[in-house]
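# An overview of the molecular structure
What follows is the residue order along each chain.
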Protein chains: 2
Amino acid sequence: MSLTPLTLRRVGIDTFREHVAYLHRDCTAVRAEGFQALAKVEVRGNGDAVHAVLNVVDDAALVGPTELGLSEEAFTRLDLPAGHAVTVQQAEPPASIAALRRKIAGERLSREELHAIVGDIARMRYTKVELAAFVVATHQFEMDRDEVLHLTEAMIAAGRRLDWRQEVRGGPVVDKHCIGGIPGNRTSMLVVPIVAAHGMLIPKTSSRAITSPAGTADTMELLAEVELPLSRLAAIVRETGACLAWGGTADLSPADDVLIAVERPLAIDSPAQMVASILSKKIAAGSTHLVLDIPVGPSAKVRGMPEAQRLKKLFEHVAARLQLQIDVVITDGRQPIGRGIGPVLEARDVMQVLENHPDAPADLRQKALRLAGRVIEFDPDVRGGTGFAIARDILDSGRALARMNRIIDAQGRRPFDWRTPPVAPLSFEVTAAHDGVLVGVDNLALARIAQLAGAPKAAGAGIDLLCRLGDTVRAGQALMRVHARFEADLEFARRKALADPAWRLGTRDELPRDVVAGLSEA
Amino acid sequence: MSLTPLTLRRVGIDTFREHVAYLHRDCTAVRAEGFQALAKVEVRGNGDAVHAVLNVVDDAALVGPTELGLSEEAFTRLDLPAGHAVTVQQAEPPASIAALRRKIAGERLSREELHAIVGDIARMRYTKVELAAFVVATHQFEMDRDEVLHLTEAMIAAGRRLDWRQEVRGGPVVDKHCIGGIPGNRTSMLVVPIVAAHGMLIPKTSSRAITSPAGTADTMELLAEVELPLSRLAAIVRETGACLAWGGTADLSPADDVLIAVERPLAIDSPAQMVASILSKKIAAGSTHLVLDIPVGPSAKVRGMPEAQRLKKLFEHVAARLQLQIDVVITDGRQPIGRGIGPVLEARDVMQVLENHPDAPADLRQKALRLAGRVIEFDPDVRGGTGFAIARDILDSGRALARMNRIIDAQGRRPFDWRTPPVAPLSFEVTAAHDGVLVGVDNLALARIAQLAGAPKAAGAGIDLLCRLGDTVRAGQALMRVHARFEADLEFARRKALADPAWRLGTRDELPRDVVAGLSEA
């Protein structure tokens, strides 16, 4: 424990979601008290404290022996000026670690234990190693329904919570969510303006891509600002009935943001974590009604109907206990939705649908109308079964486009011409090796190719799909076009496309029945 | 993928077992190709490559826009001079991640999959998150015996392997190991010189403390150098028949070193990981025969006899398949061994035993003789049951001390006077609250108090135990003395000792039977 004050220094290193403290090897705190690299330390100043992982520094230009450096996010969190006196001591392990160890050992956690764990996670008191242990342990020993409920509750309690009761006066606050994994599936950017045009409040926050080629926030960002402080976001929702913003600035279910950073690289999507993550975000954002889309397909997150049904029941159970009305829709997840994969190409698809352009991808339009219809049916004045037609009228009449323009203007318009979208200049086509029928497509392979091509950071990179399941193709016919900004990215994507063909060619009798009959969406 | 070369720079930050690459936010690789903080990158130069986690830097004094910085260990690993041209690209996830995901999903891994995982771990290709996931997943879905065997094999194959066949000409190469968790248990520093004096080859490498108040390497380091390059270590073993060195420099089972850094903070010691860790180190060090000590007690790693028996069988199964002769000894782990806890106090205990000093702790002497006797019985010329007496003769005659002095001189003697050991100057005593019999002691609480007092970094800090289980004490009588170098450490240790008393006072009939009868050691 060092009570000798050190001088606070801001170290210009972005360590993303992990607080790092830098101490010189000759600092008395390091020499005398046995701090080792990667030890967890507590830095205190002016009554506040942050926990950080220690890096020991040998270069006095970075931090001197009487200084303590903090990485960008930790410095911001401690919120003291550079030069301020701080002390550093070994951090006691977070109190909830005992509960974490019980979960690792396979035990059931109580409501209080889950609240303690989630609280420590939200305060960034867990190391990456501890976070990963929590994620894997709760994945393996499936949590029971009550544990999932308590986890969700705890995640809501650890952050802010929006309240729209004044705005809606007893009416519903609605939202729509897809559990993800289907490339191109940008229905939110259609459902939100349609539903808002119907007069309902839909304050939608979305994520950025972490392991996918685009998140709704990445695509929306081409059209408008998405990083909005909470107060502006609230004003925009009051003005337009909606928003399409990035959720990361709002401090809604912050533990979820921390956990996702660990879950995504491990490709872990356990039912418990999916339910807690999605429902905590929605409830914290003030939603009272939610339409949830679960796509099912061999390369979707959910691979079969029994699994989809189990997941549906778990969502329904937890939502009911938390007074959230939920309508779960199980959809066809065997192939991407729309033509484009990657921010620019997806934004083009969305705008084509809103503009009622003849080239607009029919599947994206159809799915968005279906989901919007279900949301609209939360309106007590709408008769069951009429939502789809209402949504279609709103879209066909141009009222959805008008509402989208109001939302874009309110958030801050960015120049984007959907007729000449800034698609990345380099490209290659993937062609059919022989004649046949397209009987399979691998969503994961498509996503990876689009990422290697540069999406989402290179917004114009990605894939334009030129065919769909069930299409008959000729040898040499182009199946898709891959766009990249840099030669090297193009080459990477090309190698991946060769090594791991995303399309499977076969004969008509290999097609699953309902693809032959036409996709059963309505 | 950036093929634009960057200039390599050494960044004086010790990130311990985690390679970090630093790129400036304005570096073309960051701007153009969408690297995000914490992305995994591959840095190439001169045909070699290291994988590292990316930190994005905003301070050009640290790295400029055309530079690439590497943390100390990564820089050393890439082994190129500062200023050399390097390229950076997004690292493809290690090929074995698919197998890791299968284990997380609860599946059984094949020999090839385990070799792939361990190989990637040894090459530092796994992130902390992936390492933690592997550790928790293999902990939860208990690995079967063949998986443990293959894991052990893979850990041996991933590093160097010493070969003493020339030295021993068909004779045994022996070792002794304790699975740990018992404070003060420094028998290795006695067993090694006794066994070497008997004429057997015992090349012992030990660990430093990670979460305990002292490892054998920390204690031995007070008497001699312990960080020895492999070539010197081999020469010392050839000269003295033994060594007592730190294992971290020898590249023996390097994946184990990486995994331990994750297992310790999570307090995970699954049977599979214990067996693979210990046996891979011993076999890589060239041992053919091993005595393994499993202490059992309510606050030891192994809490009961059935668990100890299961663990013993697993060790025996895997050792047999790998042609290692193993003799597993289950010992009393209900309380610390010796008086001192912490490097200086433990070194004093060890030297008192070697010097046959009247104050030498009898339990440490007894246990060391018992273990040394078992090792000596690996000698084909020694009759079963006579090892203990041989060991005692070697110790009583001063030959063990003489051999220890040869080992110390060969490794490089450091000044240490066991008669006036440099115990930390500040201290307090923990006293009995009332009259009674000591019926329980908590090894974990003692270890934590010693750590808070500053051990092992403050070598003279720690605990001197003034009583043992079964002792009758009076109110106010001192049970132990805690030593610290700094007031703040002393205060921390004092608070812990008050909050979490390590000793339990009761009546004689609460004592477990064999403590009443005298400890059943032989």
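Look above for the structure.
Described in the following lines is the structure provided in the data block. On a predicted model such as this, the values are computed, not experimentally measured, just so you know. (Residues numbered from 1 in each chain as written. Chains lettered and ligands numbered in written order. Predicted model: local features only at pLDDT ≥ 70, side-chain atom pairs only at ≥ 80, totals over all residues. Heavy atoms only, no water.)

### Brief notes about helix 12 (residues 271-284) of chain A
Residue and element names in this part refer to chain A. With 14 residues, helix 12 should reach 20 Å at 1.5 Å per residue; the first-to-last C-alpha distance of 20 Å fits that figure. With respect to burial, helix 12 is a largely interior element, 13 of its 14 residues being buried. At the C-terminal side of helix 12, Gly-286 shows a positive phi close to 90°. (Helix = DSSP H or I, 4+ residues; strand = E, 2+ residues; numbered from the N terminus. Expected span 1.5 Å × (residues − 1). Buried < 20%, exposed > 50% of the residue type's maximum accessible area, 1.4 Å probe, protein only.)

### Quick word on the sheet that holds strand 11 (residues 289-296) of chain B
All names here are of chain B. One open sheet holds the three strands; their spatial order is 8-11-12, and the pairing between them is parallel. In this open sheet, the two edge strands, each paired with only one partner strand, are strand 8 (174-178) and strand 12 (325-332). Between one strand and the next, the sheet's axes are offset by a mean angle of 20°, whatever the strand orientation. Of the strand pairs in this sheet, strand 8 and strand 11 are connected by five bridges, and their pairing is parallel. (Pairing = 2+ DSSP bridges. Axes fitted to C-alpha atoms, helices over the stretch in contact; angles between N-to-C directions.)

### What about the environment of Gly-412 of chain B?
All names here are of chain B. Here Gly-412 shows up in the loop between helix 17 (399-411) and strand 14 (426-431). Of the residues examined, Gly-412 reaches a relative accessible area of 22% and is grouped as partly exposed. Remark: the alpha-carbon pair of Gly-412 and Leu-228, spanning 184 residues in sequence, is separated by 9.7 Å.

### Observations regarding helix 16 (residues 387-396) of chain B
Residues and elements named next belong to chain B. Regarding helix 16, the residues found buried are Gly-387, Ala-391, Ile-394 and Leu-395. Projection of helix 16 onto a plane perpendicular to its axis shows the buried side chains occupying an angular sector of 95°, all on one side. In the core, the buried residues of helix 16 are packed alongside helix 8 (188-197), helix 14 (343-354), helix 15 (362-376) and helix 17. Positioned one or two residues after helix 16, Gly-398 has a phi angle of 85°, which is positive. (Arc of directions from axis to C-beta. Contact = heavy atoms within 4.5 Å.)

### Some remarks on the sheet that holds strand 16 (residues 462-465) of chain B
Two strands in a sheet stick together by hydrogen bonds in their backbones, pointing the same way (parallel) or opposite ways (antiparallel). All names here are of chain B. Strands sit in the order 13-16-18-14 across an open sheet of four strands; the sheet is antiparallel. Only two strands of the sheet have a single partner each, and these edge strands are strand 13 (340-341) and strand 14. Across six bridges, the pairing between strand 14 and strand 18 (residues 478-484) is antiparallel. Looking at strand 18, one finds that Ser-427 is bridged to His-483. The strands touched by helix 18 (residues 443-452) are strand 13, strand 16 and strand 18; relative to strand 16, the strand with the most contacts, the crossing angle is about 130°.

### Brief notes about the pairing of strand 6 (residues 67-70) of chain B
All names here are of chain B. The two faces of strand 6 match: Glu-67 and Gly-69 on one face and Leu-68 and Leu-70 on the other face are all buried. Relative to strand 6, strand 3 (residues 20-24) runs antiparallel, the two sharing three bridges. Considered in strand 6, the bridge of Ala-21 is made with Leu-70.

### Remarks on the relation of the copies chain A and chain B
Note on the copies: chain A fits chain B at an RMSD of 0.1 Å, the axial shift is 0.0 Å, and the rotation between them is 180°. Such a combination of turn and shift is consistent with a two-fold rotation axis. (Least-squares fit on C-alpha atoms with pLDDT ≥ 70 in both.)

### Observations regarding the side chain of Lys-281 of chain B
Residue and element names in this part refer to chain B. Structurally, the position occupied by Lys-281 is in helix 12 (residues 271-284). Among the polar contacts listed, one links the side chain of Lys-281 to the backbone oxygen of Leu-252, at a separation of 2.7 Å. If we skip the residues at most four places from it in the chain, Lys-281 touches Leu-252, Ser-253, Asp-256 and Asp-257. (Polar contact = N/O pair within 3.5 Å; in protein donor to acceptor, adjacent residues only side chain to side chain.)

### A word on the interface of chain A and chain B
Residue-level contacts link 49 residues of chain A with 48 residues of chain B. Buried surface at the junction of chain A and chain B, summed over both partners, amounts to about 4500 Å²; 61% is from carbon and sulfur atoms. Put simply, chain A and chain B have two salt bridges between them. One salt bridge in this structure joins Arg-25 of chain A and Asp-14 of chain B, with 3.4 Å as the shortest N-O distance. Counting every contact that joins chain A to chain B gives eight residue pairs in polar contact (both at pLDDT 80 or more). Elements with a minimum of two residues in the side of chain A that touches chain B: strand 2 (13-14), helix 1 (28-33), strand 5 (48-57), helix 3 (97-104), helix 5 (128-140), helix 11 (254-266), helix 18 (443-452) and helix 19 (487-499) of chain A. If you tally residues by element for the side of chain A that touches chain B, the top one is helix 5 of chain A, at nine residues. Residues belonging to the side of chain A that touches chain B are distributed by class as follows: 28 nonpolar, seven polar and 14 charged. Relative to strand 5 (residues 48-57) of chain B, strand 2 of chain A is paired through two bridges, and the arrangement is antiparallel. Paired with Asp-14 of chain A across the bridge in strand 5 of chain B is Val-56 of chain B. (Buried area = accessible area lost by both parts, 1.4 Å probe. Salt bridge = Lys/Arg side-chain N within 4 Å of Asp/Glu carboxyl O. Nonpolar A, V, L, I, M, F, W, Y, C, P; charged D, E, K, R; others polar.)

### Topic: the packing of helix 5 (residues 128-140) of chain B against helix 11 (residues 254-266) of chain B
All names here are of chain B. At their nearest, the axes of helix 5 and helix 11 sit 9 Å apart, and the two run at 70° to each other. One element, helix 5, and the other, helix 11, form an angle in the roughly perpendicular class. Considering the relative orientation of helix 5 and helix 11, their crossing is right-handed. Facing helix 5, whose interface residues are Leu-131, Ala-132, Phe-134, Val-135 and Val-136, helix 11 presents Val-258, Leu-259, Val-262, Glu-263 and Leu-266. Partitioning the contact of helix 5 with helix 11 into residue classes produces nine nonpolar, no polar and one charged. (Parallel < 35°, antiparallel > 145°, perpendicular 65-115°, else oblique. Left-handed = near helix turned anticlockwise from the far one by under 90°.)

### Some details on the pattern of salt bridges
A side chain of one charge can pair with a side chain of the opposite charge when the charged atoms of the two come close. Taken as a whole, this structure holds 68 salt bridges over all chains when the rule is applied. The residue Arg-102 of chain B makes a salt bridge to Glu-107 of chain B at a minimum N-O spacing of 2.1 Å. Of the residues examined, Glu-107 of chain B reaches a relative accessible area of 35% and is grouped as partly exposed. One continuous salt-bridge network, built from bridges that share partners, spans Asp-14 of chain A together with Arg-25 and Asp-58 of chain B.

### Some remarks on the packing of helix 12 of chain B against helix 13 (residues 305-321) of chain B
All names here are of chain B. At a minimum axis separation of 10 Å, helix 12 and helix 13 run at an interaxial angle of 45°. Relative to helix 13, the element helix 12 is oriented oblique. Here the hand of the crossing between helix 12 and helix 13 comes out right-handed. Contacts between helix 12 and helix 13 involve Pro-271, Ala-272, Met-274, Val-275, Ile-278 and Leu-279 from the former and Leu-311, Leu-314, Phe-315, Val-318 and Ala-319 from the latter. Its residues assigned to classes, the contact of helix 12 with helix 13 comprises eleven nonpolar, no polar and no charged.

Read these as geometric descriptors, not functional statements.
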